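Results of the structural survey
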Amino acid sequence: MVKNAEIAKILYELAMLYEMKGVPFKPRALERASETIDSLARDVADIYKKGGVKELQKIPGVGLGIAEKIEEYLKSGHVKEYENMKKKFPVDIAGLSSIEGVGPKHIAFLYEKLKIKTVSDLERAAKAGKLRGLPRMGEKLEAKILKGIAFKHEGGGRFGIGEVLPLARSLKARLSKIPGVETIEIAGSIRRWQETIGDLDFLVISESPEIITNAFSKIPEVDHVYAKGPTKVMVRLKTGIDADLIVLPKKSFGAALQYFTGSKDHNVEVRKLAVKKGWSLNEHGLTKGKKVIASETEKEIYKKLGMPQVPPPEIRLNKGEIEAALASKLPHLIEYGDLKGDLQIQTSWTDGKNSIEEMAREAERLGYEYIAITDHTRSLAMTGGADEKKLERQMAEIEKINAKFKKQNSKLTILKGAEVNIMKNGSLDIDDKTLAKLDVVGAAVHSLFNLSREEQTARIIKAMENPNVDIIFHPTGRIINKRKPYEVDMEKIIKAAKRTKTILEIDAHPWRLDLKDEHIRMAREAGVKMVIDTDAHSVPEMHYLEYGIAQARRAWCEKKDIINTLPLKEFLKALKQFDFLTVVYTIL
DNA sequence: GCCGTTTTCGGCCCGACTGTTTTCAGTCG
């Protein structure tokens, strides 16, 4: 999948380069293809191997032109067109454009006028007040850019889990094929499913450590090696993230896994328990003097320390899990296979890439009982948001597809839904009569992110009070490492959710992960029900549920807290606007 | 550069908001 990311990046930068030149339409096409390839579940190299350029063209958004660029890259490692254009603008396009408020046009004349190539060049120029002289740039924009840069820095060089996990998994699969590797595990913050990841930690069991460390330091993804010994290598990968690999004998694997999984706070507490018993715990084992008490599995170690239950990695944060494990009172967390449906799905009716039927077929393959189609509505103009008429047409279309699926003995039900926009005053951009006909109505904020805390909170609560609104989608609006959540009083929102029986969404899209764990925990404790949705805009994105489940697990959620663990009938009953006729109709 | 129940050519990329400006360029969703 490494190639996918590289190709996606080139296509993205190519899109920006054309945008810088003011070429119409082309950039959007390139960007679309870039996004699709980035989230593709299959390796482009494999697709190409299977059927060449023709097969590549089956990827949505990829036509002859882009397929040929991909071919060129796979064969030669270069894309000429890209490199020629890059000569004119030898700048860090991806880095600069990731700063809020900086777009392609800015990047173009920042380079032309001030020779700005990197984010740090930009920061220096902005601090020196050099931007304000440029056309259409003033003090405010300068300040905005500095704020954007500061926010990016706050990320502390951490990467979103959605960027890192696929890379870690593909590396794991490859490394496991090195002769001599008995077992390989990913530890660290990835194993704990933290929202952002600082580096990758691979643990390997092998009797021939040096073969493994040598092989690892030479894989093509490695940019440079910081340090390398017989059992440990530390490298910087080309994607910019650091990775450590440690080789161990089988007998100390559990201790190492426990140690390298963390979190630091959790480990400190666990070690205290060992000390209390006169023992010591480190990455090699739980020991009393020279005698090893436990080391091969995590389970033994926790058990010897008085914990009959092993705290799942997701909750190892020293937030009560150790006490609960000691008392055998850990909750039975929601499992990764517990969800029966996905309730936020966009299709080609608006800004999604696949048709209703394509999304539904994938849902069947995933074994779901139901999905809700929730395309954008009117006021989100860029997506071709639906008005009442379009929604009516879509409802009719869904009925047709449901009938077809039923004939084929499918167990899947497609629910009619929408992702409606909450307007400034809390009203919705679709009339109530139409909303009442939908099975699932999600409401969301897509504009005016900078309202005051009071206004924003009141606006959302007003929407929750509409009896047709079942769910609030991505309730805080954040994009990880990119956009802060809007100001909103979550305590009030949670109270209102309880009062109005509105469901809160855990948006599983790895860019969003919204609600975040603390808010999920608050909602759970208040008895507010939640759903976990992918916010998928394409078939591969439907696989994102696991990120949301991890998010819920980190907040100690059980099956009962998440209503899309319920079978269809019960699920519909759990919705606010439950209406007997709707259910009968849907099931028939 | 992509795409097709309006099309194999001619559409697609719309509207709000911001910050810069005296009429609009650039960004974002």
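Basis of the calculations
Residues numbered from 1 in each chain as written. Chains lettered and ligands numbered in written order. Predicted model: local features only at pLDDT ≥ 70, side-chain atom pairs only at ≥ 80, totals over all residues. Heavy atoms only, no water. Helix = DSSP H or I, 4+ residues; strand = E, 2+ residues; numbered from the N terminus. Rg over C-alpha atoms; globule rule 2.2 N^0.38 Å. Contact = heavy atoms within 4.5 Å. Areas by Shrake-Rupley, 256 points an atom, 1.4 Å probe, with all protein chains shown as cover. Lys, Arg positive; Asp, Glu negative; His and termini not counted. Charge placed at Lys NZ, Arg CZ, Asp CG, Glu CD. Polar contact = N/O pair within 3.5 Å; in protein donor to acceptor, adjacent residues only side chain to side chain. Near = heavy atom within 4 Å. Nonpolar A, V, L, I, M, F, W, Y, C, P; charged D, E, K, R; others polar. Pairing = 2+ DSSP bridges. Axes fitted to C-alpha atoms, helices over the stretch in contact; angles between N-to-C directions. Buried < 20%, exposed > 50% of the residue type's maximum accessible area, 1.4 Å probe, protein only. Core = buried A, V, L, I, M, F, W, Y, C linked by side-chain atoms within 4.5 Å. pLDDT = per-residue confidence, 0-100. Parallel < 35°, antiparallel > 145°, perpendicular 65-115°, else oblique. Left-handed = near helix turned anticlockwise from the far one by under 90°. Salt bridge = Lys/Arg side-chain N within 4 Å of Asp/Glu carboxyl O.

1. Thoughts on the overall build of chain A
Of regular secondary structure, chain A possesses 25 helices and 17 strands. A compact globule built from 588 residues should have a C-alpha radius of gyration of about 25 Å, and chain A, at 26 Å, falls within 12% of that. Based on the C-alpha atoms only, the size of chain A along its principal axes is roughly 75 × 60 × 55 Å. Contacts spanning at least 24 positions in sequence make up 68% of the contacts within chain A whose residues lie at least 6 apart. Carbon and sulfur atoms provide 53% of the accessible area of chain A, an area that totals close to 26800 Å². Charge-centre separation for chain A: the mean point of 99 positive side chains lies 2 Å from the mean point of 84 negative side chains.

2. Observations concerning the environment of Asn354
Relative to the helices and strands, Asn354 resides in the loop between strand 11 (341-345) and helix 17 (356-365). Note: C-alpha distance between Asn354 and Pro308 (46 residues apart in sequence) is 47 Å. In contact with Asn354, not counting residues within four places along its chain, are Pro60, Thr347, Ser348, Met359, His537, Ser538 and Val539. Reaching out from Asn354, the side chain makes a polar contact with the side chain of Glu358 at a distance of 3.1 Å.

3. Considerations on the protein's contact with DNA strand B
Close to DNA strand B lie 31 residues; Gly63, Gly101, Gly103, Arg136 and Gly138 are nearest. When atoms of DNA strand B within 4 Å of the protein are split into backbone and base, the sugar-phosphate part holds 66%. A distance of 2.7 Å is found between a phosphate oxygen of DNA strand B and a backbone nitrogen or oxygen belonging to Gly101. Between DNA strand B and Asn450, the relevant distance is 3.2 Å, taken from a phosphate oxygen to a side-chain nitrogen or oxygen of the residue. With four residues, helix 4 (residues 64-76) is the single largest residue contributor to the surface near DNA strand B. Its residues placed into classes, the surface near DNA strand B shows 14 nonpolar, eight polar and nine charged.

4. Points about the sheet that holds strand 2 (residues 183-186)
In spatial order, the strands read 2-4-7-6-5; together these five strands make up an open sheet with mixed pairing. If you trace the sheet from one side to the other, it starts and ends with strand 2 and strand 5 (222-228), each paired once. Along the sheet, successive strands turn relative to each other by an average axial angle of 20 degrees, direction set aside. In this structure, strand 5 lies alongside strand 6 (residues 232-237), joined through five bridges in antiparallel fashion. Bridge pairing in strand 6 links His224 to Arg236. Packed onto the sheet, helix 12 (residues 209-217) meets strand 4 (199-205), strand 5, strand 6 and strand 7 (242-248) and runs at close to 165 degrees relative to strand 7.

5. Thoughts on unusual backbone geometry
The omega angle of the peptide bond from Gly262 to Ser263 is 0 degrees, so this bond is cis rather than trans. Note on placement: Ser263 falls in the loop between helix 13 (253-261) and helix 14 (264-276). A positive phi angle, near 60 degrees, is found at Lys115, a position not held by glycine. The phi dihedral of Trp193 falls on the positive side, at around 55 degrees, and the residue is not glycine. Here Trp193 shows up in the loop between helix 11 (188-191) and strand 3 (196-197). Classification of Trp193 as buried rests on a relative accessible area of 13%.

6. Points about the nonpolar core
Grouped together as the largest cluster of nonpolar side chains are 59 residues, with contacts concentrated most on Ile371, Ile414, Met464, Leu504, Met530, Ile532 and Ile562. Among residues more than four places away in sequence, those in contact with Ile562 are Ile334, Leu339, Ile506, Met530, Val531, Ile532, Ala552 and Cys557. Membership of the second largest hydrophobic core comes to 49 residues, among which are Ile66, Tyr73, Ala125 and Leu131.

7. Points about the environment of Lys86
Along the chain, Lys86 turns up in helix 5 (residues 80-88). Put simply, Lys86 and Lys232 are 146 residues apart on the chain and 38 Å apart in space, counted from C-alpha to C-alpha. In this view, Lys86 contacts Glu13, Leu17 and Val91; residues no more than four positions away in its chain are not counted. One polar contact links the side chain of Lys86 to the main-chain carbonyl oxygen of Val91, over a distance of 3.1 Å.

8. Regarding the confidence of the model for chain A
Looking at chain A as a whole, its pLDDT mean stands at 90, while 96% of the residues score no less than 70. Per-element averaging of pLDDT across chain A places helix 25 (residues 580-587) at the bottom with 46 and helix 23 (residues 545-554) at the top with 97. Low confidence marks residues 579-588, where pLDDT is under 50. Its contacts with residues over four positions away, or in another chain, come to twelve contacts.

9. Side note on the packing of helix 2 (residues 26-38) against helix 4
The N-to-C vectors of helix 2 and helix 4 enclose an angle of 55 degrees; their axes lie 11 Å apart at closest approach. Here helix 2 lies oblique to helix 4, going by the angle between them. Judged by the twist between their axes, the crossing of helix 2 over helix 4 is right-handed. Of the residues in helix 4, those touching helix 2 at Ala29, Leu30, Ala33 and Ile37 are Ile66, Lys69 and Ile70. Along the lines of polarity and charge, the residues of the contact of helix 2 with helix 4 split into six nonpolar, no polar and one charged.

10. Points about the sheet that holds strand 9 (residues 285-288)
With respect to topology, three strands assemble into an open sheet ordered 8-9-10, the strand pairing being antiparallel. Pairing within the sheet leaves two strands with one partner each, and these edge strands are strand 8 (280-282) and strand 10 (291-294). Strand after strand, the sheet turns through a mean of 35 degrees between neighbouring axes, direction not considered.

11. A look at the pattern of salt bridges
Pairing is possible between side chains of opposite charge, provided their charged atoms come close. Overall, the coordinates contain 32 salt bridges when judged by the stated rule. Among the salt bridges present, the one from Lys272 reaches Glu269, with a minimum N-O distance of 3.0 Å. With a gap of three residues between them, Lys272 and Glu269 both fall in helix 14, about one helical turn apart. Given the relative accessible area of 46%, Lys272 is considered partly exposed. Using a relative accessible area of 23% as the deciding quantity, one classes Glu269 as partly exposed. Between Arg316 and Glu298 there is a salt bridge, with the nearest N and O atoms lying 2.9 Å from each other. Here Glu298 lies in helix 15 (residues 298-304) and Arg316 lies in the loop between helix 15 and helix 16 (321-326), a separation of 18 residues in the sequence. The burial state of Arg316 is the same as that of Glu298; both residues are buried. A network of salt bridges, in which partner residues are shared, links Glu357, Arg361, Glu364 and Lys404.

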